[in-house]
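Topology and contacts: notes
The primary structure of each chain is shown beneath.
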Protein chains: 2
Amino acid sequence: MITVLAGGVGAARYLTGLVRVVPPGEVTAIVNTADDVTLHGLRVCPDLDTVAYTLAGLVNPEAGWGLAGESWTVMGALERFAGVAPPGSQAATTWFRLGDRDLATHLYRAGRLAEGADLATVTAEIARALGVGVRLLPMTGDPVETRVGVAGEGEVGFQDYFVRRRHAVPVTGVRFAGVESARPAAGVLEAVAGAGVVVIAPSNPIVSIGPILGVPGVRDALRARRRSVVAVSPIVAGAALKGPADRMLAELGHEPSVVGVARLYAEVAGTLVVDTADAGRAGEVEAAGVACVVAPTVMHGPDEAAALARATLAAVRR
Amino acid sequence: MITVLAGGVGAARYLTGLVRVVPPGEVTAIVNTADDVTLHGLRVCPDLDTVAYTLAGLVNPEAGWGLAGESWTVMGALERFAGVAPPGSQAATTWFRLGDRDLATHLYRAGRLAEGADLATVTAEIARALGVGVRLLPMTGDPVETRVGVAGEGEVGFQDYFVRRRHAVPVTGVRFAGVESARPAAGVLEAVAGAGVVVIAPSNPIVSIGPILGVPGVRDALRARRRSVVAVSPIVAGAALKGPADRMLAELGHEPSVVGVARLYAEVAGTLVVDTADAGRAGEVEAAGVACVVAPTVMHGPDEAAALARATLAAVRR
C-alpha cells in the first residue's frame, strides 16, 4: 500500500504516473482541503476535484484543473447579478469560475453535506461516480482555511490570493485557520502509519503540504516512520514548475531550492527526490539530513509521471 | 398602489396584464414561499422566480416557468452521481430540474443568504437585475414548508407532490409547517393595508394563497379592508386551468367551483371575479357573501391578461 500526500495539479499528475506502476486500489491520496472555498452556498474543494478529475481522465489538460470540454453557461448568467450585489458581496463572484459540469460535482457535494454526510464519505462517493480507483481522503472534514498575508493589504483567503490576484502579489505570511482543532478524516492516520511507502507529492510545500502536516497527528505519524517517507521536490533549478511555490518560499524566508525543500521536510521525510537539474546540490540536501535521489521529475506526460513514480518507490525500497 | 397576492404561473400571467394597465412601479406582489425547496444547498423559490422571470419577459412560454432557451448541462452532469447517492439522498436529484441559467439565480440567492442578507432584500436585488419594475416581496423570509398528505404514503414535501409525483395522487391534507411563527417580510403588512386595491391572483387557493393568508397579520390586514379586496377565481367551470386546484379542493372537502372559491375567500375578499362560463353561478357566489363580477378570466396572452386586470380593478372601484 502506498499513501500520497497531495495538493492539486502536481500531485494529480504524479498520481496518474503512480497508478501505471501499482494497482490504483493500493494507493491512498490524502488531499489538502485548506484551500477549499464556499461560494454561492457550495463547498468547493479544488485540490480534491483536481485529483479526482485527473485520475478519471476528465481533466482539462491545458489548465490542469477543471473539466475538459467544459461550458460556462451558469457563470455567464451569474454576471447579470454583478450590478446589484452590494459592495463586498461575493454572491455574484465570477472570478472563481465554476464550469457547468464541474458545478454538478459541487451541487452533489453540497447536497450530501447538507444531509449530514461527512466530507470523506462524499469524497468517496464522488470518486466512485467518476470511476477513480485510488482511495481519495480529505485531510480533514473540519473547516481549515488557508489565510494569506498580502503586502499592504492584510490577510485574504487563499483563492483570493491564488485566483483573483493570480498569486502576483508578495506574501507576508501564511496560516491555516482552524487546523489546530481539525480532526484527521477517518482513515488518514491509518493510511500514513500503515502504508509501505508514503510519498509527499511535488506540491507546494507551504500551502498544499503544509496544511496536511498541520492536521493533529499527521506530522507525528510521519515522523514515526520517516525512513519510508519520500518527498518529490516541486522546485527544479530554483523555480516552481507551476504556481508560486518558489516566490512564496523566498518571501517566507526559505531558500527557493531543493535544499530549502529538504530543510522543510527533513523532520518527516527520509528521502527527497530532486530533478537531474539539481544533481549538483545533492550534497547540500544530504547535509540537511535527507537522503537525496536524483531522477527526472518534470512530468510532460503519463510516461514521465510513471517513471518518476518508479524512481520514487525505488528510492525508499533501496 | 395595487397589491397582488401571488402564487406562480397564474399570478405571473395576471401581473403581466396588470402592468399594461397601471405603471409597474405602482404594483407590489406578495409571493408565496411555502413551496420553496432547498436542493443541493441552494434555496429555490419557484413562485418568486416564476413571477420575476415572467415579468422580465424571460420565462419559457410553453412551460410557464423556467427560462426560455434554457440549457440543462448541469442537470445532465448531476445524473452521473445518481448511482452513488445512498438510498433516501436527494443530492443527485434531477426530477426537480434546474436549468443552467436558472441556476445562476439560485447561486446568487444562496450566496447572499449565506452572507446574512434576508430573502426580501435578495428578492429585490434579483428583480432589479432582471429589470422587473414590480415590487416583489416574499410573504416571509422565515422558513415555511407546505407538507402534503398523500393517500397511503403519509406526508411529503410540496415539490415532491407537485413535480416528482406530477400531482397525480390523491391529497389527504395540507399544512404549512412553520407558518404560525413566520414573520411577514418587511413591507408585507404595509402593502396589504396601504394599497388602493388588493388582488388575490388566480392561483391555487389552498397551496398558493393559503400560506400567504396564514402568515400572522396578513389575514387580519385583509379582513380590515375586505371591501377593496378582489379575488380572481382560478377555477373555471369546475376545473383548474393549470395544476391540481380542482382535485385538491374536492379532496379537501371544498366544492371545486367558483362557489367553493367564494366560500374560501369570503372572510378576506369582498368581490370575486368569475369567468363568463360561470355566470350562472353568480347568485350562489353572492349567497356566500361575496360580490360577484363576471368577466373573461382565461388568459391566452397579454391582451387578455390586461383586460382581466382592468375588469378586476373596475370591480372594486365601482
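What counts and how
Residues numbered from 1 in each chain as written. Chains lettered and ligands numbered in written order. Predicted model: local features only at pLDDT ≥ 70, side-chain atom pairs only at ≥ 80, totals over all residues. Helix = DSSP H or I, 4+ residues; strand = E, 2+ residues; numbered from the N terminus. Rg over C-alpha atoms; globule rule 2.2 N^0.38 Å. Buried ≥ 20, exposed ≤ 12 C-beta atoms within 10 Å, placed from the backbone. Contact = placed C-beta atoms within 7 Å. Least-squares fit on C-alpha atoms with pLDDT ≥ 70 in both. Pairing = 2+ DSSP bridges. Axes fitted to C-alpha atoms, helices over the stretch in contact; angles between N-to-C directions. Expected span 1.5 Å × (residues − 1).

Some words on the overall build of chain A
Per the secondary structure count, chain A includes 13 helices and 14 strands. The C-alpha atoms of chain A give a radius of gyration of 19 Å, which matches the 20 Å a tight globule of 318 residues would have. Once the C-alpha set of chain A is aligned to its principal axes, its extents read approximately 60 × 45 × 35 Å. Expressed as a percentage of its 318 residues, the buried residues of chain A come to 52%. Residue pairs at least 24 apart in sequence account for 68% of intrachain contacts in chain A once pairs closer than 6 positions are excluded.

Details of the relation of the copies chain A and chain B
Mapping chain A onto chain B calls for a screw motion: a turn of 180° about the axis and a shift of 0.0 Å along it, with 0.0 Å RMSD after fitting. What the superposition gives is, in effect, a two-fold axis relating one chain to the other. Residue G41(A) of chain A places its C-alpha closer to the rotation axis than any other residue of that unit, at 3.0 Å. Mapped onto chain B, 100% of the interface residues of chain A are again interface residues, and the two copies thus contact each other with one and the same surface.

Side note on the sheet that holds strand β14 (residues 291-294) of chain A
Residues and elements named next belong to chain A. Judged by pairing direction, the sheet is parallel, and its seven strands sit side by side in the order β5-β2-β1-β9-β10-β13-β14 without closing on themselves. Looking at the sheet topology across the chains shown, the edges are occupied by β5 (135-138) and β14. Between one strand and the next, the sheet's axes are offset by a mean angle of 25°, whatever the strand orientation. The sheet strands contacting helix α1 (residues 9-21) are β1 (2-6), β2 (27-31) and β10 (229-232), and the helix crosses β1 at an angle near 165°.

Quick notes on the environment of T33(B)
All names here are of chain B. Topologically, T33 is positioned in the loop between β2 (27-31) and β3 (37-39). Separated by 26 residues in sequence, T33 and G7 place their C-alpha atoms 8.5 Å apart. Filtering out sequence-adjacent residues up to four positions away, T33 remains in contact with C45, D47, L48, P138, M139, T140 and V144.

Here's the deal with unusual backbone geometry
Residue and element names in this part refer to chain A. Positioned with a positive phi, H40 is a non-glycine residue whose angle comes to about 55°. With respect to the secondary-structure elements, H40 resides in the loop between β3 (37-39) and β4 (42-44). For H167, which is not glycine, the phi torsion reads 40° and is therefore positive. Locating H167 in the fold gives a position in the loop between α6 (158-164) and β8 (171-177).

Some details on the sheet that holds β8(A)
Sheet strands pair by backbone hydrogen bonding; their relative direction is either parallel or antiparallel. Residues and elements named next belong to chain A. The strand order across the open sheet formed by three strands is β7-β6-β8, and the pairing between neighbours is antiparallel. Whereas interior strands pair on both sides, the edge strands pair on one side only; in this sheet they are β7 (154-157) and β8. Going from strand to strand, the sheet's axes swing by 30° on average, the running direction of each strand aside. By the bridge criterion, four bridges tie strand β6 (residues 145-150) to β7 in an arrangement that is antiparallel. Bridge assignment links G149 to a residue of β7, and that residue is E155. Relative to the sheet, helix α8 (residues 205-214) contacts β6 and β8, its axis offset from that of β8 by approximately 35°.

A closer look at helix α5 (residues 119-130) of chain B
Residue and element names in this part refer to chain B. Here α5 contains 12 residues, and its C-alpha end-to-end distance of 16 Å stays within 8% of the 16 Å for a straight helix at 1.5 Å per residue. Three or more residues of α5 are buried, namely L119, V122, T123, E125, I126, A127 and A129. In this structure, the buried side of α5 is in contact with α2 (46-55), α4 (100-114) and β5 (135-138).

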